[in-house]
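# Residue-level structure breakdown
Residues per chain, in single letters:
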Amino acid sequence: MLFRSSMRSLSVRKVERDRSTNSFVVTLRETEQPRRQFEIFVGMQEGIVLRLLLDGESTPRPLTHDLFVIALERLNVAVRHVVLTHVKEGTYFAELVLYRTVQEGAAGGDPAQDTVVSCRPSDGLALALRSNAPIYGREDLLEEVGREVEASQEDSTEILDEFRDFIENINPEDFDI
């Protein structure tokens, strides 16, 4: 099990479709300085699910990740966090860290009793977003693939993303006078 000092907190910044590869690109960024970021490619279905979760949208029936989190909850197990661990030949790897929510005398479970499961990053991210669990990246992974984003570039990117979301979600009814 990794110590938290070797892990950096990450947030999912955006999930965008890459039409040239017919897949999605997920942008992850450190939540604290130096705020390095990196992108990973995920499949079409995984990207759609991540986008729904990131946008806070719900579906009429539970999706696979919803079902998995519900099953874990019924078994008194929860997602503690997800860690993006390394990249090998362009493929990213992750670990899903689970804990028992009900233990004798231990609120939140004993980290020494955690269960670590290898997973695809897209599944780990979906489960973390669905269960509001933290997402981490190993420091050595960020040293390898992360790039620092300048504040002015970060601000303009945020503004463009907000504008793009506005344009994509605008409805004629929004302009009824």
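Whatever comes next refers back to the structure up there.
Remember, predicted model here, so these are calculated numbers, not experimental data.

### A word on the overall build of the protein
- The helix and strand inventory of the protein stands at 5 helices and 10 strands.
- Relative to its full complement of 177 residues, the protein shows a buried share of 36%.
- Looking at the protein alone, contacts between residues at least 24 apart form 57% of all its contacts between residues at least 6 apart.
- Carbon and sulfur atoms make up 51% of the accessible area of the protein, which totals about 11100 Å².

### Observations concerning the layout of surface pockets
- Approximately 170 Å³ is the volume attributed to the second largest pocket.
- For the second largest pocket, the lining is made up of 13 residues, of which Phe 41, Val 42, Thr 91, Tyr 92 and Pro 121 are closest to its centre.
- Those elements that provide at least two residues to the lining of the second largest pocket are strand E3 (36-42), strand E5 (91-100) and helix H3 (121-131).
- When the residues that make up the lining of the second largest pocket are grouped by side-chain class, the tally is 7 nonpolar, 4 polar and 2 charged.

### A look at helix H1 (residues 44-54)
- Within H1, the full set of buried residues consists of Glu 46, Gly 47, Val 49 and Leu 50. Along the long axis of H1, the arc covered by the buried residues comes to 165 degrees, so they all point the same way.
- Looking at the residues trailing H1, positive phi occurs at Gly 56, about 70 degrees.

### Some details on the sheet that holds strand E2 (residues 23-30)
- As summarised here, the arrangement of the 8 strands in space is E8-E5-E4-E9-E1-E2-E3-E10, forming an open sheet in which the pairing is mixed. Looking at the sheet topology across the chains shown, the edges are occupied by strand E8 (115-119) and strand E10 (147-148).
- Judged from the 6 bridges that link them, E2 and E3 form a sheet pairing that is antiparallel. Bridging across to E3, Leu 28 finds its partner in Phe 38.

### Details of the packing of helix H2 (residues 64-74) against H3
- Two numbers describe how H2 lies on H3: the axes approach to 9 Å, and their chain directions differ by 60 degrees. Comparing their axes, H3 and H2 come out oblique. The two elements H2 and H3 cross, and the hand of that crossing is right-handed. From H2, His 65, Asp 66, Phe 68, Val 69 and Ile 70 reach across to H3, where they touch Asp 123, Ala 126, Leu 127, Arg 130 and Ser 131.
- Here the residues of the contact of H2 with H3 sort into 5 nonpolar, 2 polar and 3 charged.

### Regarding the nonpolar core
- Grouped together as the largest cluster of nonpolar side chains are 31 residues, with contacts concentrated most on Val 26, Leu 28, Phe 38, Ile 40, Leu 84 and Leu 125.
- Non-local contacts of Leu 28, meaning those with residues more than four positions away in its chain, are made with Ser 11, Val 12, Arg 13, Arg 36, Gln 37, Phe 38, Ile 40, Leu 84 and Leu 125.

### Examining the pairing of E2
- Of all the 8 residues making up E2, 8 are buried; the element is thus mostly covered by neighbouring parts of the structure.
- On E2, burial covers both faces: Ser 23, Val 25, Thr 27 and Arg 29 on one face and Phe 24, Val 26, Leu 28 and Glu 30 on the other are all buried.
- Alignment of strand E1 (residues 7-18) against E2, held across 8 bridges, turns out to be antiparallel. Within the sheet, the bridge partner assigned to Lys 14 lies in E2 and is Thr 27.

### Quick look at unusual backbone geometry
- The peptide bond linking Gln 33 to Pro 34 adopts the cis configuration, its omega dihedral lying at 10 degrees.
- Checked against the element boundaries, Pro 34 lands in the loop between E2 and E3.
- Phi angles above zero are rare outside glycine, and Glu 89 is one such case at about 50 degrees.
- The topology assignment puts Glu 89 in the loop between strand E4 (77-88) and E5.

### Thoughts on the pairing of E3
- Burial runs high along E3: 5 of the 7 residues are buried.
- As consecutive antiparallel partners, E2 and E3 are separated by 5 residues, and within that stretch Arg 35 has a phi angle of approximately 55 degrees, a positive value.
- The pairing of E3 with E10 spans 2 bridges and is antiparallel. If you follow Gln 37 over to E10, its bridge partner there is Arg 147.

The rules behind these values
Residues numbered from 1 in each chain as written. Predicted model: local features only at pLDDT ≥ 70, side-chain atom pairs only at ≥ 80, totals over all residues. Heavy atoms only, no water. Helix = DSSP H or I, 4+ residues; strand = E, 2+ residues; numbered from the N terminus. Buried < 20%, exposed > 50% of the residue type's maximum accessible area, 1.4 Å probe, protein only. Contact = heavy atoms within 4.5 Å. Areas by Shrake-Rupley, 256 points an atom, 1.4 Å probe, with all protein chains shown as cover. 1 Å grid on protein atoms, 1.4 Å probe; cavity = no way out; pocket = protein on both sides within 12 Å on 5 of 7 lines; lining within 4 Å. Points joined across faces, edges and corners; volume = space filled by probe spheres on them. Nonpolar A, V, L, I, M, F, W, Y, C, P; charged D, E, K, R; others polar. Arc of directions from axis to C-beta. Pairing = 2+ DSSP bridges. Axes fitted to C-alpha atoms, helices over the stretch in contact; angles between N-to-C directions. Parallel < 35°, antiparallel > 145°, perpendicular 65-115°, else oblique. Left-handed = near helix turned anticlockwise from the far one by under 90°. Core = buried A, V, L, I, M, F, W, Y, C linked by side-chain atoms within 4.5 Å.

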